[in-house]
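Here's the letter readout for the chains.
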Amino acid sequence: MEPMDTTLEILSDKASHRPAEAEFEPEILAFCCHYCAFAAADLAGVMRLSYPPNIKIIRIPCTGKLDVLYLLKAFEKGADGIIVAGCEEGSCHFQRGNLIAKKRVVYAKKLLQSIGIEDSRLEMFNLSSAMGGRFAQIASEMTEQIKRIGPSILRSNKL
Amino acid sequence: MKTDSNLEKVLASGEFAVTAELGPPRGADPEDIHKKAKLLGDCADAINITDNQTAIVRMSSIAAGILLKQRGLDPVIQIVTRDRNRIAIQSDVLGAAAHGINNVLCLSGDHQKFGDHPTSKNVFDIDSIQLIQMLKKMRDEKKFMSGADIDVAPRLFIGAAENPFADPFEFRVIRLSKKISAGTDFIQTQAVFDVEKFEEWMKLVRKKELHKKTHILAGVIPIKSAKMAKYMKENVAGLRIPDEIVSRMEKAKDVKEEGIKICTETIERVRKIEGVQGIHIMAVAWESIVPKIVERVGLLPRPPIRKEDSNANESKNPNG
Amino acid sequence: MIVAEQKPIAEIISIAFKHKSILVVGCGTCVTVCFAGGEKEGKTLSSLLRMKAQMEQKLLEIEELTVERQCDHEFIEKIVPLAGKVEAILSLACGAGAQLIAEKFPDKIVYPGLNTTFLGITEKQGIWKERCLGCGTCLLDKTGGICPIARCAKNLLNGPCGGSQEGKCEVNPETDCAWQLIYERLKKLGQSECLEEIIPVKDWSTSRDGGPRKVIRDDLTL
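Residues numbered from 1 in each chain as written. Chains lettered and ligands numbered in written order. Predicted model: local features only at pLDDT ≥ 70, side-chain atom pairs only at ≥ 80, totals over all residues. Heavy atoms only, no water.

A. Highlighting the overall build of chain A. Helix and strand counts for chain A stand at six helices and four strands. Secondary structure of chain A in N-to-C order comes out as α-β-α-β-α-β-α-β-α-α. Residue burial in chain A is summarised as follows: out of 159 residues, 48% are buried. In chain A, of all internal contacts separated by at least 6 residues, the share reaching a separation of at least 24 is 78%. (Helix = DSSP H or I, 4+ residues; strand = E, 2+ residues; numbered from the N terminus. Buried < 20%, exposed > 50% of the residue type's maximum accessible area, 1.4 Å probe, protein only. Contact = heavy atoms within 4.5 Å.)

Right, dumping it as structure tokens:
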């Protein structure tokens with residue numbers, strides 16, 4: 001089993017247990033770079049900023065570690081949306097990991113489109129570790145965006 | 001003389017030759033050929049018939065050449081290696097020769113990407129230089145490319161094209177000399193607009209004395225409109241059109257007249273270059289203008305085309 | 001290496017959806033290096049197929065496996081157990097690999113998941129270019145190590161056509177004119193005299209034109 005799968009199993013268990021009649025609360029994964037977005041999320045907590053509880057943060061050493069397969073597996077397991085959050089362009093701790101991630105996100109969006117999944121379920125953001133407020137804002141915006149799109153068909157159609 | 005070709009006769013006599021281009025129709029109507037032949041017949045020593053130029057399907061060049069032959073004109077059959085392999089080309093050349101056609105212009109041909117069947121497969125079994133070699137072997141050694149004997153060899157006046165304006169520039173002269181050693185009897189160049197560049201190329205040609213080993217005819221194209229000048233400048237690979245010509249066409253009050261003027265000026269200038277033995281006028285879809293151009297540059301009337309010697313083929317027959 | 005590209009997802013979906021179960025087989029050699037049909041591409045494709053099946057509530061069992069080389073009998077042996085479980089096999093190898101799988105499993109429907117494109121090189125990560133046509137009679141010694149058969153759109157053996165402009169091919173302005181490259185290289189190497197030599201007509205019988213080819217080495221056969 002790949003390291004990612006553990007997190008995703010948890011996610012899919014939670015997802016399937018949620019009551020259907022309640023207001024749609026999306027499950028959103030946020031792949032956050034250790035050097036910026038993850039620290040920004042932490043800072044948001046320290047600053048006591050509130051943001052929707054729909055976001056489940058997964059820390060990665062750099063968005064350059066992100067693999068298209070992580071994104072696809074997450075959707076396959078029922079995620080409604082995915083945030084990829086890396087450092088600002090030009091500020092990657094590993095020089096260009098975030099630029100590599102940007103291309104991979106574009107590619108993953110194309111793959112999603114090719115099977116008929118809304119590509120706006122996946123977005124990439126760039127921020128620094130000092131931007132606690134910005135993180136909270138991204139979390140809220142993305143939650144709103146996914147609420148508008150509605151639940152993933154992959155969850156409701158589970159055989 | 002290798003053949004009964006009128007073009008060969010004119011060039012051998014030292015007269016400044018005039019050839020013109022005829023694009024066959026995209027249909028089966030022979031009248032189209034006859035109409036154009038009427039326009040070009042009296043002002044050209046030989047008429048080139050394109051072989052599916054720009055890879056767009058047209059009436060076969062050999063078939064159109066037979067129609068010209070029937071009118072007593074001298075066709076130059078263009079053959080591209082794009083569409084036919086060595087078997088088909090040799091077969092076609094025998095057929096053309098049986099109809100009394102002597103002049104063949106050897107080309108590789110525009111890539112099919114530019115034509116009306118871009119998804120087709122190309123052949124390019126041989127290239128234009130190897131085509132020249134093959135025809136020379138058929139004519140002089142009476143042998144097919146394979147080495148097998150030909151009972152009655154075709155009598156051919158072999159031509160080739162060269163583009164002095166394409167890159168790499170220095171290689172263009174080397175390539176010309178390869179075509180000459182392969183056996184080409186005459187050369188028709190890509191259309192000249194940039195006379196200085198052409199002069200520079202001819203200088204290299206003279207340095208190698210290539211003009212003494214073949215007959216060089218400079219190509220010209222009369223431009224009909226400023227739009228056409230611009231289009232050709234931007235879209236036709238291998239053509240080099242100086243900005244000055246585009247701006248002259250844009251500023252002109254009577255654009256057609258300006259186009260004719262540019263063409264006649266070019267002819268007058270290339271005629272003075274040592275080693276140029278004729279012109280080849282490619283009036284694409286404007287064949288009607290050719291007589292006027294030839295007249296203005298004082299190249300009319302053309303020497304009369306001599307009557308066909310009907311026993312020519314038999315006399316060359318080794319068994320005869 | 002052999003360079004290939006994955007077929008459009010829509011085409012693969014329409015193939016896979018004809019069946020209730022399918023085995024996606026990746027190949028660990030050339031197509032792994034060009035990111036078209038290796039283990040990761042197999043997993044990605046399988047994931048997409050599973051999602052699409054779920055979206056359309058279609059029952060589709062997907063098995064995944066990547067072998068070292070699909071063009072070698074000994075490696076595709078490993079497919080046998082999984083192949084027994086599925087209706088069809090989707091091969092992510094080049095055309096050669098896909099055909100050996102078909103030969104190995106005469107009762108299975110075998111589909112190609114890739115379009116095999118050319119024999120080429122990795123120019124940079126993510127960019128591959130054609131270099132060889134496998135014509136059977138290499139003439140790189142005459143052309144400065146640059147192949148006009150594979151790299152000239154007209155296979156010209158005796159210099160550039162009239163469409164060579166500023167070093168680029170008329171067929172695609174992003175492609176270098178092979179003869180411009182040959183010219184420059186021979187000049188640099190002091191072998192310009194090669195340019196004057198007429199290269200004779202090519203014997204295409206060693207190429208595909210002579211029919212499917214075969215190489216036998218008696219010293220190696222068992």
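B. Here's a closer look at the packing of aromatic side chains. All chains considered together, the criterion is met by eight aromatic pairs over all chains. One residue, Arg59(A), lies across the ring of Phe38(A), its end atom 4.9 Å from the ring centre. A cation over a ring is seen here: Lys197(B) above Phe169(B), with NZ or CZ 4.2 Å from the ring centre. (Phe/Tyr/Trp six-rings, centres within 6.5 Å; stacked < 30°, edge-to-face > 60°. Lys NZ or Arg CZ within 6 Å of the ring centre and 35° of its normal.)

C. The arrangement of the sheet that holds strand 3 (residues 81–86) of chain A in detail. Residues and elements named next belong to chain A. Pairing is parallel in the open sheet, where four strands are placed in the order 2-1-3-4. Two strands in the sheet have a free side with no partner beyond their single neighbour: strand 2 (55–60) and strand 4 (122–126). Averaged over all adjacent pairs, the angle separating strand axes in this sheet is 20°, with direction ignored. The pairing of strand 1 (residues 28–33) with strand 3 spans five bridges and is classified as parallel. Residue Leu 29 lies in a different strand from strand 3, and its bridge partner there is Ile 82. Contacting strand 1, strand 2 and strand 3, helix 2 (residues 37–46) runs over the sheet at an angle of about 115° to strand 1. Across the sheet, helix 5 (residues 132–149) is in contact with strand 1, strand 2, strand 3 and strand 4; its angle to strand 4 comes to roughly 165°. (Pairing = 2+ DSSP bridges. Axes fitted to C-alpha atoms, helices over the stretch in contact; angles between N-to-C directions.)

D. Quick peek at the pairing of strand 1 (residues 17–22) of chain B. Residues and elements named next belong to chain B. Counting buried residues in strand 1 gives six out of six residues, a clear majority hidden from the surface. On strand 1, burial covers both faces: Ala 17, Thr 19 and Glu 21 on one face and Val 18, Ala 20 and Leu 22 on the other are all buried. Bridge analysis of strand 1 against strand 8 (residues 276–281) gives four bridges, and the strand direction is parallel. Within the sheet, the bridge partner assigned to Ala 20 lies in strand 8 and is Ile 281. The sheet contact formed by strand 1 and strand 2 (residues 46–49) spans four bridges and is parallel. From the neighbouring strand, Ala 20 faces strand 2, where its bridge partner is Ile 47. Taken together, strand 1, helix 2 (residues 30–41) and strand 2 constitute a β-α-β crossover, and its handedness is right-handed. (Right-handed = clockwise from strand over helix to strand, strands pointing away.)

E. Broad picture of the interface of chain B and chain C. Each partner contributes residues to the interface: chain B has 34 residues there, and chain C has 31 residues. Of the roughly 2,600 Å² buried at the junction of chain B and chain C (both faces included), carbon and sulfur atoms supply 51%. Its largest share of buried area at the contact with chain C, chain B owes to Asp167(B), Phe171(B) and Lys178(B), together 21% of the area lost on that side. For the interface between chain B and chain C, the tally reads two salt bridges. By residue number, the principal contributor to the side of chain B that touches chain C is helix 6 (residues 169–182) of chain B, which donates eight residues. For the side of chain B that touches chain C, the per-class residue count stands at 14 nonpolar, nine polar and eleven charged. (Buried area = accessible area lost by both parts, 1.4 Å probe. Salt bridge = Lys/Arg side-chain N within 4 Å of Asp/Glu carboxyl O. Nonpolar A, V, L, I, M, F, W, Y, C, P; charged D, E, K, R; others polar.)

F. Seen up close, the interface of chain A and chain C. Contacts between the two partners involve 18 residues from chain A and, on the opposite side, 16 residues from chain C. With both chains or domains summed, chain A and chain C bury close to 1,600 Å², and 64% of this area falls on carbon and sulfur atoms. On inspection of chain A and its partner chain C, the count reaches two salt bridges. With a shortest N-O distance of 2.4 Å, Asp67(A) and Lys40(C) are connected by a salt bridge. Taken together, the connections running from chain A to chain C amount to five residue pairs in polar contact (both at pLDDT 80 or more). Elements with a contribution of two residues or more to the side of chain A that touches chain C: helix 3 (68–76), helix 4 (97–115) and helix 6 (153–156) of chain A. (Polar contact = N/O pair within 3.5 Å; in protein donor to acceptor, adjacent residues only side chain to side chain.)

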